[in-house]
Amino acid sequence: QKEVEQDPGPLSVPEGAIVSLNCTYSNSAFQYFMWYRQYSRKGPELLMYTYSSGNKEDGRFTAQVDKSSKYISLFIRDSQPSDSATYLCATPGGNQFYFGTGTSLTVIP
Amino acid sequence: DAGVIQSPRHEVTEMGQEVTLRCKPISGHNSLFWYRQTMMRGLELLIYFNNNVPIDDSGMPEDRFSAKMPNASFSTLKIQPSEPRDSAVYFCASSLGQFNQPQHFGDGTRLSIL
């Protein structure tokens, strides 16, 4: 089992929709969780950074961590065409940094 | 503020040639990471440095790969000799602290080995 699993998609939604992106992780000791956004031919950029369980909101983005089920989510409200990108979840563990394989999102105008 | 700077952005070379990728981390960051990204395997951590010292190189695929960080503002990843299966996008990232701090990525070097 991989440390972080992510549905690769692709996901295609109309502009204005609510988007839900999800990952599961294997180790209950993981405590820090991050979401990165990667545009085509660019490096990943940090979008959200959370510690332990609960929700964190930043504008149209909400990151949610459910430690009981080892499930992390990123919600995008009022999605825009500029949100079209690949979204990667990530978590550090020991001397490693584990990334999901990324979910490709397209928001259609 | 300048972000992580990588060069070259693209490299095309023939099998067997030496390839050197370069990275300038964000000033003040004391950790530096080299990653490789492919469609099949996603982002893989190759090696990371803390305060210019290599901490873990267990992700380096073979002895053909080597990395150095001679000072706090510069790192190289070298492949010698290169092979077609090394074709990928190589990213450098830096952070304050090690793994519990967010990493800031450069825009990568797209490497093609013919």
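Described below are features of the structure shown in this document. Computed from a predicted model, the values in this text were never measured in an experiment.

Residue and element names in this part refer to chain A. According to the stated counting rule, one finds two disulfides over all chains in the structure shown. Each sulfur in the disulfide pair Cys23 and Cys89 lies 1.9 Å from the other. Every disulfide takes its handedness from the sign of the S-S torsion; for Cys23 and Cys89 that torsion is -100°, giving left-handed. Taken together, the residues Cys23 in strand S3 (residues 19-25) and Cys89 in strand S9 (residues 85-93) connect sequence positions 66 residues apart. Cys89 carries the same exposure label as Cys23, and that label is buried.

As defined by bridge partners, strand S6 (residues 54-58) of chain A adjoins strand S7 (residues 61-66) of chain A across five bridges and the pair is classed as antiparallel. Its bridge partner lying in S7 of chain A, Asp58 of chain A is registered against Phe61 of chain A.

Residues and elements named next belong to chain A. Read from one edge to the other, the open sheet built from five strands follows the order S1-S3-S8-S7-S6, with strand pairing classed as antiparallel. Two strands in the sheet have a free side with no partner beyond their single neighbour: strand S1 (4-6) and S6. Taking the axes of each pair of neighbouring strands and ignoring which way they run, one obtains an average angle of 20° across the sheet.

Turning to the interface of chain B and chain A, a few remarks are in order. Taken residue by residue, the interface counts 19 residues in chain B and 17 residues in chain A. Carbon and sulfur atoms supply 53% of the area buried between chain B and chain A, which totals about 1600 Å² over both sides. Viewed at the interface, chain A and chain B are joined by one salt bridge. At the boundary of chain B with chain A, the tally comes to five residue pairs in polar contact (both at pLDDT 80 or more).

Reading the values: rules and limits
- Residues numbered from 1 in each chain as written.
- Chains lettered and ligands numbered in written order.
- Predicted model: local features only at pLDDT ≥ 70, side-chain atom pairs only at ≥ 80, totals over all residues.
- Heavy atoms only, no water.
- Disulfide = S-S within 2.5 Å.
- Helix = DSSP H or I, 4+ residues; strand = E, 2+ residues; numbered from the N terminus.
- Buried < 20%, exposed > 50% of the residue type's maximum accessible area, 1.4 Å probe, protein only.
- Pairing = 2+ DSSP bridges.
- Axes fitted to C-alpha atoms, helices over the stretch in contact; angles between N-to-C directions.
- Contact = heavy atoms within 4.5 Å.
- Buried area = accessible area lost by both parts, 1.4 Å probe.
- Salt bridge = Lys/Arg side-chain N within 4 Å of Asp/Glu carboxyl O.
- Polar contact = N/O pair within 3.5 Å; in protein donor to acceptor, adjacent residues only side chain to side chain.

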